[in-house]
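Per-entry structural report
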Amino acid sequence: MSETRAPAAYRKIQSADRLRDILGAQYRRLNRASDERHPKIAWCSSMGPVELLLSLGFLVYFPENHAALLGATRTANNCIPAANAAGYSPEICSYLTSDIGAFIRKETPLSRAYPGLSSVPRPDVLVHNTNQCRDIQDWFAWYSRELRVPAMGIATPRSLGEITQDTLGNIAGQMKRLVPRLEEVSGTRFDIDALRTALDLSKKCTSLWGRILEANTSVPAPLSFFDHTVHMAPAVVLRGSEEAVGYYESLLREVEERVARGEGAVAGERFRLYWEGMPIWGRLRDLAEFFIGLRTAVAASTYCHSWMLNWTEPSEDPFLTLARAATDIFIVRDEPAKEKIIEETVERFGLDGVLFHDARTCPFNSNSRYGLPERLKRRLGLPALTIHGDLNDLRCYSEEQTKTQVEAFIEQLAASSRRSRSGRP
Amino acid sequence: MEKARPVRGRRAEFFAGIDIGSSTTKAVLLDVRSKLLASAVVRSGVDFGSAARRALRKAEAAAGLAAPRCRGLTATGYGRHNTPFEASVVTEISCHARGSYHHFPKAHTLVDIGGQDSKVVKVDAQGRRTDFKLNRKCAAGTGAFLEEIAHRLRISLGRFDALARKSRKDIELGSYCTVFTATEILARVRQNTAVADIIKAAYSSVIKRVLEMDPLDGEIVLSGGVAAHHPFFISLFEIAIGRRIFIPPLPQLTGAWGAALFAVEGRRGGDA
């Protein structure tokens, strides 16, 4: 039973330098466009209609990516109080409060990451989809008031069991209704073939991303959840571009080479877990090393797998294809569908247990709140653990308590696996 | 029930479990047959290494061993990575389950109410730990809550049990939050509510927070400092769940006891 943690040895991903280059290039393009007021800039929610915006000639910026950067650089906790003081509760999305707080304080981690950048790019339009959460519209509404920029979006129904044609038709219709207003802002006529081109590139990008994630069905897992959270950035911010496709072709090669060599992200992998919920951005590296020390691979997750978008809607209408991709995602589905997705993923990836992260300020990405862990334990005998934290607000995170719980969970898995090996009850 | 029996003047080898908690550090010494030699409790303070040394020395002295030789040591608790000794490290969740099953070798649910956290640990009939939950990041439902109430009332925690027994009236402290509850208590004091009723309500508040963590099916074992020093709390808990609760010997030492058992088993090559 007695376990001591092995020293952590993080295996560098060679493609990381290229990732930094393509993201830096994108932020510089946005910065230039912001200065020159051309091309027009759209801010978009991460699962928003980016392909539509690209087809209309917009450069697209994602505030959620900026918020994650605030979290990862641990500057979020300097910014959140400014938003709290402006009337935005500490109980609401800490992406929102970090990002608005950073704007109030005139700060951005982009300037440190990419020298020469001093602020986020100024938007010409703000476009959201509530498929990820309802807070996004309040987030964008703040900027709309502050910067006097039009805001518009798509309202996606939630807790969907079956995704019906009625639902997809409704969402596709909302997207179509955005077109005239977006044309007005961009000064470009909508071209359905340009939309199809962007959709094709998004499809290629997210399909490659899916293959990278699926490589983790190999034992040992070539990448960890913590690697995935970093390397999914192009699937979010460069979806619909050649750069993202090129990047994932390169990363996939690297991952396949790791698989061929039998090299895992975690040396001596003993256990494999599923991470349900948001990352704890400010503790990403620390937790990655902690799990390496426990010789445990966090091999699959809801968060990163959500960007394996479903482009299979059989339709000539690209808006319906786009509606399917934006709606057939974990977070939009009802509890039975979520339970089934986790069950299938656990089975496919050969996982030993599920770790639920209950993020204090992110109810839609905290799926432990309606009895799901208990149902999985009861129905499948699947060990599950819920830790309490947050995506960005480290005031909600207890490092000691979290690590003790995870260590105890691994001890439980170890004792149970020793017994099954020895044949003891 | 095993009791600590000092073994005076004997040359002996022993195994030790040290539970370095947020408030106190506990040491349990076992002989090679896993029988209790001695135990000790010291304040943890801010130097966990020193607390571990003091607890071990105190337990060795209590055991009265002429030439004590530690054959194996397991550290657990909040400061488990801070021991100055060569020790294996096991979480307090596993150690409490191990200690609890040692005293109560049946399927059961262990509720441990410590100074900083509360745990609910499920143990099956073979002693396997099948599940566990910790309280959320909040002092409510832990010993720290009672310490805060004692501080607010300017009454020593040691007097709580006797005072609570004198309560004649049930009152409710409704808040989740320790700070809000303290405010509620101040309001009660202004309304001339009897201190005994307030203390009993504080006990009930801790029990409610624990009952919110888990349905607490089956047999219940209660350990930790609150169980050790507040027998009336145990009675109230039994009333709340409608059945008897089993208390291990030296309930505050359940984690250290489990750690010592791991030390014995580690040396024998077994597991738990």
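Nothing here was measured: the structure is a model prediction, and the numbers come from that model. (Residues numbered from 1 in each chain as written. Chains lettered and ligands numbered in written order. Predicted model: local features only at pLDDT ≥ 70, side-chain atom pairs only at ≥ 80, totals over all residues.)

Residue and element names in this part refer to chain B. Taken in spatial order, the five strands of this open sheet run S3-S2-S1-S4-S5, and their pairing is mixed. With one partner strand each, in any of the chains shown, strand S3 (36-43) and strand S5 (88-89) form the two edges of the open sheet. Both strand S4 (residues 69-76) and S5 contribute to a ladder of two bridges, which runs parallel. Looking across to S5, one finds that Ala75 is bridged to Val89. Across the sheet, helix H1 (residues 48-63) touches strand S1 (13-20), strand S2 (24-30) and S3, and the angle it forms with S3 is around 140°. (Pairing = 2+ DSSP bridges. Helix = DSSP H or I, 4+ residues; strand = E, 2+ residues; numbered from the N terminus. Contact = placed C-beta atoms within 7 Å. Axes fitted to C-alpha atoms, helices over the stretch in contact; angles between N-to-C directions.)

Once the domains are mapped, chain B shows domain 1 (13-95 + 252-268) and domain 2 (106-247). With centres defined by C-alpha atoms, the gap from domain 1 of chain B to domain 2 of chain B works out at 26 Å. (Domains from an automatic or database assignment.)

With that settled, consider the packing of helix H6 (residues 195-211) of chain B against helix H8 (residues 231-241) of chain B. Any two packed helices are characterised by the angle at which their axes cross and by the distance between the axes. Residue and element names in this part refer to chain B. Here H6 crosses H8 at 50°, and the two axes come no closer than 10 Å. Taken together, the axes of H6 and H8 are oblique relative to one another. Along this stretch, H6 crosses H8, giving a crossing that reads as right-handed. Where H6 approaches H8, its residues Tyr203, Ser204, Ile207 and Leu211 are matched on the opposing element by Phe233, Leu236, Phe237 and Ala240. The class makeup of the residues in the contact of H6 with H8 is seven nonpolar, one polar and no charged. (Parallel < 35°, antiparallel > 145°, perpendicular 65-115°, else oblique. Left-handed = near helix turned anticlockwise from the far one by under 90°. Nonpolar A, V, L, I, M, F, W, Y, C, P; charged D, E, K, R; others polar.)

All right, on to the packing of helix H9 (residues 192-214) of chain A against helix H12 (residues 242-261) of chain A then. All names here are of chain A. Interaxial distance between H9 and H12 falls to 9 Å at its minimum, and their mutual angle equals 20°. With respect to their mutual orientation, H9 and H12 come out roughly parallel. With respect to the hand of their crossing, H9 and H12 are arranged in left-handed fashion. Facing Leu201, Lys204, Cys205, Leu208, Trp209, Arg211 and Ile212 of H9, the residues of H12 in contact are Glu242, Ala244, Val245, Tyr248, Glu249, Leu251, Leu252 and Val255. In the contact of H9 with H12, the residues fall into 11 nonpolar, no polar and four charged.

The next point concerns the environment of Leu223 of chain A. All names here are of chain A. Looking at the secondary structure, you find Leu223 in the loop between H9 and helix H10 (225-231). On the basis of neighbour counts, which here come to 26 C-beta atoms within 10 Å, the residue Leu223 falls in the buried class. When residues no more than four places from it in sequence are discounted, the contact partners of Leu223 are Asn216, His228, Val255 and Ala265. (Buried ≥ 20, exposed ≤ 12 C-beta atoms within 10 Å, placed from the backbone.)

Once that is clear, we can look at the pairing of strand S9 (residues 220-223) of chain B. Residue and element names in this part refer to chain B. Burial of S9 is two-sided: the residues Ile220 and Leu222 facing one way and the residues Val221 and Ser223 facing the other way are all buried. Here four bridges tie strand S6 (residues 108-113) to S9, and the two strands are oriented parallel to one another. Looking at the pairing, Val111 lines up with Leu222 of S9. With two bridges connecting them, S9 and strand S10 (residues 245-246) associate as parallel partners. Each bridged residue has a counterpart across the sheet, and for Ile220 the counterpart in S10 is Ile245.

Okay, the environment of Ala141 of chain A next. Examined against the element boundaries, Ala141 of chain A turns out to sit in helix H7 (residues 135-147). For the pair Ala141 of chain A and Ala68 of chain A, spaced 73 residues apart in the sequence, the C-alpha separation amounts to 20 Å.

This part is about unusual backbone geometry. The omega angle of the peptide bond from His38 of chain A to Pro39 of chain A is -10°, so this bond is cis rather than trans. Within the secondary structure layout, Pro39 of chain A lies in the loop between helix H1 (16-36) and strand S1 (41-44). Cis geometry is adopted by the peptide bond preceding Pro220 of chain A, which originates at Val219 of chain A and carries an omega value of 0°. One can find Pro220 of chain A in the loop between H9 and H10. Even without being glycine, Asn192 of chain B reaches a positive phi, approximately 60°. Mapped onto the secondary structure, Asn192 of chain B falls in the loop between helix H5 (178-190) and H6. Even without a glycine there, the phi angle at Leu216 of chain B is positive, about 55°. Among the structural elements, Leu216 of chain B can be located in the loop between H6 and S9.

Attention now moves to the confidence of the model for chain B. Of all residues in chain B, 93% have pLDDT values of 70 or greater, and the mean over the chain is 90. As a predicted assembly, this complex carries a pTM of 0.92 together with an ipTM value of 0.86. (pLDDT = per-residue confidence, 0-100.)

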